[in-house]
Structures are given as structure tokens and as C-alpha cells.
Amino acid sequence: MFALKLFAVLGCGLIAGVFFAFSTFVMNALARLQPSEGITAMQAINITVINPLFMGVFLGTAIACIFLLISLISKWHQPGAVYLLVGSLLYLVGTLGVTIAFNVPMNEALAKVEPGNTDGAIWANYLVNWTLWNHVRTIAALAATASLTMAIAI
């Protein structure tokens, strides 16, 4: 059980770091580009992020959180159970859920955009909305990291 908790903490922390980087400087850098260049760069990022290492950590952490939630059924009385519950739900809803509900659909819509045939409004709208939801994912993943760390510490 300790190894599963540790994997979940490390996974949440890694994902929080990736999302933090996008929120604090990657999207700002892309916003400085011409819309066609920004769109092209983000389209490349959205293709490249689908790789075994990132997806293994991203989805593996979700699976670990699901197993932690299942384990709570018989261990609810143990110290730290509330932290496991909160941390797992923060990651599953606030990180994975937000990604599926908001960021992925925006990425799929951006994939259909022809970078040279846009007036920039599509890109400006994407930057604002995608980054907003990325902030939510960042905060959720960081809070999940903290909560799961507390579960280990208790």
C-alpha cells in the first residue's frame, strides 16, 4: 500500500509540474508568436504529448488513485483515509476530469484549424480558455500531491 501511495504522490507531483510549466511560461511563450506559428507549435505539442512516458504517468496516476479509493472501502477507519479520499478525488476530477472535459476537446478543435487560414481570434480564444482550465488542473494536481503526502505522513 505504501508503494501505491508513493507512486500516486510522485505522479501527481510530476503532472502538477508539467501543468505548472504550461501555466507559467509555455503558453505565455506561445502567445508571443504569430497566431499561425502558435497554432502550429501547439498542434505539435498536442501530438507529441501522446507518448508512453507522459501518458503512463498521467493515466497511471489516475489508476493508482482509483485503487486507493477502492482500498478505502475496507480501510476507512485508518489514519489518513480522508487525505487519500480527497487527494484521489482531486486528481481524478480536477486533473483527469478537467483534461477530458475541457482541454482535450479544445485540443481536438485546434487540430482541425489550418494555421495559415485564421485571423487570430481562434488562437486568442484558445489561449485564454485552455490556460484557464490548465490553471485548474495545476491547482488540483498540486493539492492532490499535498493531500496524498499527508496520507503518507500520518
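Residues numbered from 1 in each chain as written. Predicted model: local features only at pLDDT ≥ 70, side-chain atom pairs only at ≥ 80, totals over all residues. Heavy atoms only, no water.

1. Observations concerning helix α3 (residues 52-75)
Moving on, step 1. Taking 1.5 Å of rise per residue, 24 residues should cover 34 Å, and α3 covers 33 Å from first to last C-alpha, within 8% of that figure.
Moving on, step 2. On its buried face, α3 is in contact with α1 (2-31), α4 (81-111) and α5 (121-153).
Moving on, step 3. Measuring from the side-chain oxygen of the N-cap residue of α3 to the backbone nitrogen of L53 gives 3.0 Å; that N-cap residue is N51. (Helix = DSSP H or I, 4+ residues; strand = E, 2+ residues; numbered from the N terminus. Expected span 1.5 Å × (residues − 1). Contact = heavy atoms within 4.5 Å. Polar contact = N/O pair within 3.5 Å; in protein donor to acceptor, adjacent residues only side chain to side chain.)

2. Notes on the environment of V26
Moving on, step 1. Mapped onto the fold, V26 is located in helix α1.
Moving on, step 2. Along the backbone, V26 and M42 are 16 residues apart, and their C-alpha atoms lie at a distance of 9.8 Å.
Moving on, step 3. Those residues within four positions of V26 in sequence are excluded, and the remaining contacts are A21 and I45.

3. Examining the state of the cysteines
Moving on, step 1. A complete count under the given rule lists 0 disulfides for this structure.
Moving on, step 2. Cysteine C65 is unpaired, with the sulfur of C12 as its nearest cysteine sulfur at 4.6 Å. (Disulfide = S-S within 2.5 Å.)

4. Some points on the packing of aromatic side chains
The geometry of an aromatic ring pair is captured by two quantities: the separation of the ring centres and the angle between the planes.
Moving on, step 1. According to the stated counting rule, one finds 7 aromatic pairs in the structure shown.
Moving on, step 2. Ring geometry for F54 and F58: centres 5.7 Å apart, planes at 10°, overall stacked. Here F54 and its partner F58 are both found in helix α3, 4 residues apart, which amounts to about one turn of the helix.
Moving on, step 3. Judged by relative accessible area, F54 falls into the buried class, the value being 17%.
Moving on, step 4. Of the residues examined, F58 reaches a relative accessible area of 5% and is grouped as buried.
Moving on, step 5. Judged by centre distance (6.3 Å) and plane angle (25°), the ring pair of Y126 and W130 falls under stacked. (Phe/Tyr/Trp six-rings, centres within 6.5 Å; stacked < 30°, edge-to-face > 60°. Buried < 20%, exposed > 50% of the residue type's maximum accessible area, 1.4 Å probe, protein only.)

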